[in-house]
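An overview of the molecular structure
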Amino acid sequence: MAEVPDELIKLERCAEEERAKLAGLRGEEYEARLRRWCKAAEAVQAAITAFATANGTSRFEVEKSVKEALRHAHEDPAVE
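Note that the coordinates shown come from a computational prediction; the quantities given were computed from them, not determined experimentally.

The subject of this paragraph is the nonpolar core. Considering soluble globular proteins, one finds that nonpolar side chains tend to be buried as a cluster. Within the largest apolar cluster, twelve residues are counted, these being Val-4, Leu-8, Ile-9, Ala-15, Ala-40, Val-44, Ile-48, Phe-51, Ala-52, Val-62, Val-66 and Leu-70. When residues of this core are traced back to their parent elements, those giving at least two are helix 1 (6-20), helix 2 (27-55) and helix 3 (59-73). Per-element tally for this core: the top contributor is helix 2, with five residues. Those residues within four positions of Val-4 in sequence are excluded, and the remaining contacts are Ile-9, Val-62, Ser-65 and Val-66.

What follows is the structure, encoded as structure tokens:
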């Protein structure tokens with residue numbers, strides 16, 4: 001798999017940071033944060049699909065590469 005654009009890695013990082021912020025929340029605060037995470041996750045999935053389609057590659061392979069690049073670039077934002 002070729003290198004993935006930094007923009008895809010940034011979108012994935014944003015989604016993972018939103019996911020990590022769900023920890024320990026309850027009620028309305030949890031629901032609001034969950035919506036933010038879902039919106040971020042949808043954005044990264046759409047961008048991955050568009051990139052894969054435009055480059056004639058597997059969406060699965062692009063997503064895998066994005067996750068690996070993020071994992072190698074930074075620690076998991078859910079673990080502090």
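Back to the write-up after that little detour.
Taken as a whole, the chain shows an average pLDDT of 90; of its residues, 89% reach a score of 70 or greater. No element of the chain has a lower mean pLDDT than helix 3, at 91, and none a higher one than helix 2, at 97.

In this section: the side chain of Glu-63. Relative to the helices and strands, Glu-63 resides in helix 3. In this structure Glu-63 comes out as buried when scored by relative accessible area, which is 15%. With sequence-adjacent residues up to four places away left out, Glu-63 is seen in contact with Gln-45 and Ile-48.

Time to look at the pattern of salt bridges. Within this structure, the stated rule accounts for six salt bridges. Note that Arg-59 and Glu-63 form a salt bridge whose closest N and O atoms lie 2.9 Å from each other. In this pair, Arg-59 and Glu-63 are both assigned in helix 3, four residues apart and thus about one turn of the helix distant. Given a relative accessible area of 31%, Arg-59 falls into the partly exposed group. In this structure, Lys-67 and Glu-63 form a salt bridge, with 3.9 Å as the shortest nitrogen-oxygen distance. Linking Lys-67 with Glu-63, this pair stays in helix 3, spanning four residues, or about one helical turn. Salt bridges sharing partners connect three or more residues here, namely Glu-12, Arg-59, Glu-63 and Lys-67.

Here we take up the packing of helix 2 against helix 3. Two numbers describe how helix 2 lies on helix 3: the axes approach to 9 Å, and their chain directions differ by 125°. When the axes of helix 2 and helix 3 are compared, the pair comes out oblique. Of the two possible hands of crossing, helix 2 and helix 3 adopt the one that is right-handed. Of the residues in helix 3, those in contact with Gln-45, Ile-48, Thr-49, Phe-51 and Ala-52 of helix 2 are Arg-59, Val-62, Glu-63 and Val-66.

This next bit is on the environment of Val-62. One can find Val-62 in helix 3. A residue is classified by how much of its surface remains accessible, and Val-62, at 0% relative accessible area, is buried.

Conventions used here
One numbering rule holds for all chains: residues counted from 1, following each sequence as written. It should be noted that, the model being predicted, local features are given only for residues of pLDDT at least 70 and side-chain atom pairs only at 80 or more, the latter also being counted only at that level, while totals for whole chains, interfaces and linings use all residues. Hydrogens and water molecules were not included; the side-chain quantities draw on all heavy atoms of the structure. Think of a nonpolar core as a cluster: buried Ala, Val, Leu, Ile, Met, Phe, Trp, Tyr and Cys residues, connected wherever their side-chain atoms sit within 4.5 Å. Remark: exposure states derive from per-residue accessible area (1.4 Å probe, protein chains only) relative to the maximum for the residue type, with buried under 20%, exposed over 50%, and partly exposed in between. Helix numbers and strand numbers start at the N terminus; a helix is a DSSP run of H or I with at least 4 residues, a strand a run of E with at least 2. By definition, residues are in contact when any of their heavy atoms lie within 4.5 Å. Known as pLDDT, the predictor's per-residue confidence is scaled from 0 to 100. A pair is scored as a salt bridge if a Lys or Arg side-chain nitrogen falls within 4 Å of a carboxyl oxygen belonging to Asp or Glu. Axis lines are fitted to C-alpha atoms, over the contacting stretch for helices. Their N-to-C directions set the angle, which ranges from 0 to 180 degrees. Between 65 and 115 degrees an angle is taken as roughly perpendicular, under 35 as roughly parallel, over 145 as roughly antiparallel, and anywhere else as oblique. In this scheme the handedness of a crossing depends on how the near helix is turned from the far one: anticlockwise by less than a right angle means left-handed, clockwise means right-handed.

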